[in-house]
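Topology and contacts: notes
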Amino acid sequence: EAEVAQSPRYKITEKSQAVAFWCDPISGHATLYWYRQILGQGPELLVQFQDESVVDDSQLPKDRFSAERLKGVDSTLKIQPAELGDSAMYLCASSLDGTSNNEQFFGPGTRLTVL
Amino acid sequence: GNSVTQMEGPVTLSEEAFLTINCTYTATGYPSLFWYVQYPGEGLQLLLKATKADDKGSNKGFEATYRKETTSFHLEKGSVQVSDSAVYFCAHRNQAGTALIFGKGTTLSVSS
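It should be emphasised that the depicted structure is a prediction, and the values quoted were computed from it without experimental measurement. (Residues numbered from 1 in each chain as written. Chains lettered and ligands numbered in written order. Predicted model: local features only at pLDDT ≥ 70, side-chain atom pairs only at ≥ 80, totals over all residues. Heavy atoms only, no water.)

1. Re the environment of B:Phe73
Residue and element names in this part refer to chain B.
- Within the fold, Phe-73 resides in the loop between strand E8 (62-65) and strand E9 (75-77).
- Since its relative accessible area comes to 0%, Phe-73 is described here as buried.
- Through-space distance from the C-alpha of Phe-73 to that of Thr-12 is 21 Å; in sequence the pair is 61 residues apart. (Helix = DSSP H or I, 4+ residues; strand = E, 2+ residues; numbered from the N terminus. Buried < 20%, exposed > 50% of the residue type's maximum accessible area, 1.4 Å probe, protein only.)

2. Examining the nonpolar core
- By size, the foremost hydrophobic cluster in this structure holds 25 residues, and its most contacted members are B:Leu19, B:Trp35, B:Leu47, B:Leu48, B:Phe73, B:Leu75 and B:Tyr88.
- Contributing elements (two or more residues each) for this core: strand E2 (11-14), strand E3 (19-21), strand E4 (23-26), strand E5 (33-38), strand E6 (44-50), E8, strand E10 (86-93) and strand E12 (106-111) of chain B.
- Excluding anything up to four places from it in sequence, B:Leu75 contacts B:Leu19, B:Thr20, B:Ile21, B:Trp35, B:Leu47, B:Leu48, B:Phe62, B:Glu63, B:Ala64 and B:Tyr88.
- With 20 residues, the next largest nonpolar core counts A:Val4, A:Phe21, A:Trp34 and A:Phe65 among its residues. (Core = buried A, V, L, I, M, F, W, Y, C linked by side-chain atoms within 4.5 Å. Contact = heavy atoms within 4.5 Å.)

3. Thoughts on the layout of surface pockets
- Taken as a whole, the largest pocket spans an internal volume of roughly 1100 Å³.
- Among the elements that take part in the lining of the largest pocket, strand E1 (residues 3-6) of chain B stands out by supplying four residues, more than any other.
- Classifying every residue of the lining of the largest pocket gives 21 nonpolar, 20 polar and eight charged.
- For the second largest pocket, the calculated volume is near 370 Å³.
- A:Glu1, A:Glu3, A:Phe106, B:Leu44 and B:Gln45 are, among the 17 residues lining the second largest pocket, the residues nearest its centre.
- Where the lining of the second largest pocket is concerned, the elements lending two or more residues are strand E10 (105-106) of chain A together with E6 of chain B.
- A total of three residues in the lining of the second largest pocket trace back to one element, the largest contributor, which is E6(B).
- Taken together, the residues of the lining of the second largest pocket sort by class into nine nonpolar, four polar and four charged. (1 Å grid on protein atoms, 1.4 Å probe; cavity = no way out; pocket = protein on both sides within 12 Å on 5 of 7 lines; lining within 4 Å. Points joined across faces, edges and corners; volume = space filled by probe spheres on them. Nonpolar A, V, L, I, M, F, W, Y, C, P; charged D, E, K, R; others polar.)

4. Quick notes on the pattern of salt bridges
- Applying the stated criterion to the full structure yields seven salt bridges over all chains.
- One salt bridge in this structure joins B:Lys52 and B:Asp55, with 3.4 Å as the shortest N-O distance.
- For B:Lys77, the salt bridge goes to B:Asp84, with nearest N and O atoms at 2.8 Å. Each member of the pair B:Lys77 and B:Asp84 is classed as buried.
- Ionic contacts of the salt-bridge type, sharing partners, join the residues A:Arg36, A:Arg64, A:Glu83 and A:Asp86 into one network. (Salt bridge = Lys/Arg side-chain N within 4 Å of Asp/Glu carboxyl O.)

Structure (structure tokens):
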């Protein structure tokens with residue numbers, strides 16, 4: 001069964017360092033989402049891609065976060081510099097397209113701890 | 001604005017007990033509604049969904065009915081199992097019909 005892949009699964013870093021997360025969506029899925037899930041909270045959208053284009057990055061802290069999906073397939077989310085408040089689970093999801101009826105499939109997430 | 005409110009957990013039940021997890025939403029119009037489940041160490045999985053008023057979503061013995069009058073989508077199961085222990089998230093699509101808006105999640109713990 002096709003799955004969304006994410007790496008690494010766990011990342012520990014010190015504040016002010018740079019970190020990067022990778023996501024490989026299900027093959028053929030045009031829409032890719034990055035969510036952040038703080039402990040005890042529900043996931044919140046950071047950025048949404050349709051193919052290689054950003055559709056929604058209104059909640060992405062652009063002073064330190066960046067995301068790209070250069071060839072419209074896999075994607076990288078970067079944080080530079082990391083802050084203590086960035087400790088969270090970073091979830092990637094994909095769907096066939098961005099319409100309401102298509103299910104979003106989630107990867108296992110990357111758990112980031114900033115010391 | 002758009003939001004989802006779930007009952008706070010943890011919910012602790014004995015095996016074969018009846019489960020209800022309350023969920024209400026605030027949104028413009030009539031969004032699609034979802035329940036996702038997150039087992040320990042795993043990503044979120046879609047449990048069930050409903051796309052219009054009065055629809056009932058069901059899967060693995062879980063059910064939820066889209067109630068537009070009360071803007072609710074409560075999750076129910078008649079007889080829970082130990083394997084149902086997980087975190088359950090209620091969600092709806094945002095106005096653009098794209099990204100999901102989640103509640104805070106409700107932890108369910110079922111003991112034998």
